[in-house]
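# Observations on chain architecture
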Amino acid sequence: MTIEILEPHGFCAGVKNALQKARALVTCHPQPSVAPVYCLHELVHNELVVADLKSRGLKFVESLSDVPEGSTVLFSAHGVSPSVRAEAAARKLKVVDATCPFVARVHQAASEFASRGLQVVVIGHPDHAEVKGITGEVPDPIVINDSSYTSLATAKRPLGVVSQTTMNADDVAAVVERLRQTFVVESTAEVCRATKERQDAVKAFDGDALLVLGSAQSSNTKRLCEVAHCRTFRAGTMADLRDIDFSGIGRLGVTSGASTPEEFFSQAVDWLRTQEDT
């Protein structure tokens, strides 16, 4: 078996920025057991990143009600709704915002569409933290994916369409085209550049199998698995990797999700090299 590393891979700029802010916060609070620093939701969807930040003293919560009044709270890279920001202000929380800039632009686009009276449609997964933040920007948003259009049955206004940034780029384009067949559509719907570049690299790979390193909870990692044209494996930890049977594979491509640490990627590739031509 030979190994081919796909480029680009690993942390995107938004994840790097969020992680820098998180590490700076815990560094500035040398006694986290006395005055914890909180993060609303997982900073990024990767268990290795979360475990590392927990070891440094960052405390993860799913609700601002779990953050004591006046404490410091970090908003994750996925962004939050205006109501969450208002709640943080009301409870006198010290907010550090790690929202990805590309996600912030989607929030702005959705808000502008709504201000002009358009029906805002979000292409994405309704339970994802990023989508919850986006839909919180506007009244009566509609969330769809590549297979659910029933919620649009009564829509009569022109549509303003945006997208979760970690979707399948081809699926987003197809959904927008389908909507244009029935509705008047204004759209800024697209995945972020880092997502598209990684998906394009995977689609161009023509080897026997692909290994995607990243968390099962990571949307961008899942999409990399979906767009491959060959047999695909995923591993989020070294234990996951060692459980994979690579027998019979001649050429293995290796990539990783945008929230996967480079340290894990390097460790995984080093181990895979020991399996080459064996």
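Everything below is about the structure printed above this text.
Before going into details, it helps to say that this report is about the structure given with it. Note that the coordinates shown come from a computational prediction; the quantities given were computed from them, not determined experimentally.

So, how was this worked out
- Residues numbered from 1 in each chain as written.
- Predicted model: local features only at pLDDT ≥ 70, side-chain atom pairs only at ≥ 80, totals over all residues.
- Heavy atoms only, no water.
- Phe/Tyr/Trp six-rings, centres within 6.5 Å; stacked < 30°, edge-to-face > 60°.
- Helix = DSSP H or I, 4+ residues; strand = E, 2+ residues; numbered from the N terminus.
- Buried < 20%, exposed > 50% of the residue type's maximum accessible area, 1.4 Å probe, protein only.
- Salt bridge = Lys/Arg side-chain N within 4 Å of Asp/Glu carboxyl O.
- Axes fitted to C-alpha atoms, helices over the stretch in contact; angles between N-to-C directions.
- Parallel < 35°, antiparallel > 145°, perpendicular 65-115°, else oblique.
- Left-handed = near helix turned anticlockwise from the far one by under 90°.
- Contact = heavy atoms within 4.5 Å.
- Nonpolar A, V, L, I, M, F, W, Y, C, P; charged D, E, K, R; others polar.
- Core = buried A, V, L, I, M, F, W, Y, C linked by side-chain atoms within 4.5 Å.
- Pairing = 2+ DSSP bridges.
- Disulfide = S-S within 2.5 Å.
- Right-handed = clockwise from strand over helix to strand, strands pointing away.

Another point: the packing of aromatic side chains. With the rule as written, the count across this model stands at one aromatic pair. Ring plane angle 70° and centroid distance 5.4 Å describe the contact between Phe233 and Phe246, whose orientation is recorded as edge-to-face. With Phe233 in strand 11 (residues 231-235) and Phe246 in the loop between helix 9 (238-242) and strand 12 (251-256), this residue pair connects regions lying 13 residues apart in the sequence. When sorted by exposure, Phe233 lands in the same class as Phe246, which is buried.

Moving on, we get to the pattern of salt bridges. One pass over the structure, following the stated rule, counts eleven salt bridges. Here Asp52 ties to Arg23 by a salt bridge, and the two come within 3.5 Å at their closest N and O atoms. Placement of the pair is Asp52 in helix 2 (residues 47-55) and Arg23 in helix 1 (residues 13-28), with a sequence separation of 29 residues. In this structure Asp52 comes out as partly exposed when scored by relative accessible area, which is 25%. The class for Arg23 is partly exposed, based on a relative accessible area of 30%. One salt bridge connects Lys203 with Asp200, and the closest N-O pair in it is separated by 3.7 Å.

This part is about the environment of Lys156. By the secondary structure assignment, Lys156 is in the loop between strand 7 (142-144) and strand 8 (159-163). Remark: the alpha-carbon pair of Lys156 and Leu118, spanning 38 residues in sequence, is separated by 9.7 Å.

Let us look at the packing of helix 1 against helix 2. Contact pair helix 1 / helix 2: the axes reach a minimum separation of 10 Å and the direction vectors enclose 15°. Considering the angle they form, helix 1 stands roughly parallel to helix 2. Regarding helix 1 and helix 2, the two cross each other, and that crossing is right-handed. Contact residues: helix 1 offers Leu19, Ala22 and Arg23, while helix 2 offers Val49, Asp52 and Leu53. In terms of residue class, the contact of helix 1 with helix 2 is made up of four nonpolar, no polar and two charged.

Right, let's talk about the nonpolar core for a bit. Of all hydrophobic cores here, the largest spans 37 residues; its most connected members are Leu43, Leu53, Leu58, Phe60, Leu74 and Val162. Among the secondary structure elements, those contributing two or more residues to this core are helix 1, strand 2 (37-40), helix 2, strand 3 (58-61), helix 4 (101-115), strand 6 (119-123) and helix 5 (129-135).

Looking now at the sheet that holds strand 10 (residues 209-213). One open sheet accounts for four strands, arranged 1-12-10-11; its pairing is parallel. Sheet topology places strand 1 (2-5) and strand 11 at the edges, where each strand pairs with a single neighbour. Averaged over all adjacent pairs, the angle separating strand axes in this sheet is 25°, with direction ignored. Where helix 8 (residues 219-227) meets the sheet, it contacts strand 10, strand 11 and strand 12, and its direction lies at approximately 180° from that of strand 10. Those strands touched by helix 10 (residues 262-273) are strand 1, strand 10, strand 11 and strand 12, and its axis lies near 170° from that of strand 12.

One way to say it: the disulfide is the covalent bond shared by the sulfur atoms of two cysteines. Under the defined criterion, the tally for this structure stands at zero disulfides. The closest cysteine sulfur to the non-disulfide-bonded Cys12 is located on Cys192, 5.9 Å from its own sulfur. Of all cysteine sulfurs, the one in Cys225 lies closest to Cys230, which takes part in no disulfide; the gap is 10 Å.

Now for the pairing of strand 8. Strand 8 sits mainly inside the fold: five of its five residues count as buried. Every second residue of strand 8 is oriented toward a common face, with Leu159, Val161 and Ser163 on one face and Gly160 and Val162 on the other, all of them buried. Here strand 6 runs beside strand 8; their pairing, made up of five bridges, is parallel. From the neighbouring strand, Val122 faces strand 8, where its bridge partner is Val162. As defined by bridge partners, strand 8 adjoins strand 9 (residues 185-187) across three bridges and the pair is classed as parallel. When the sheet's bridge partners are listed, Leu159 is paired in strand 9 with Val185. Assessed by its sense of winding, the connection that carries the chain from strand 8 through helix 6 (residues 169-180) to strand 9 is right-handed.

Without other data, these values stay purely geometric and don't point to any function.
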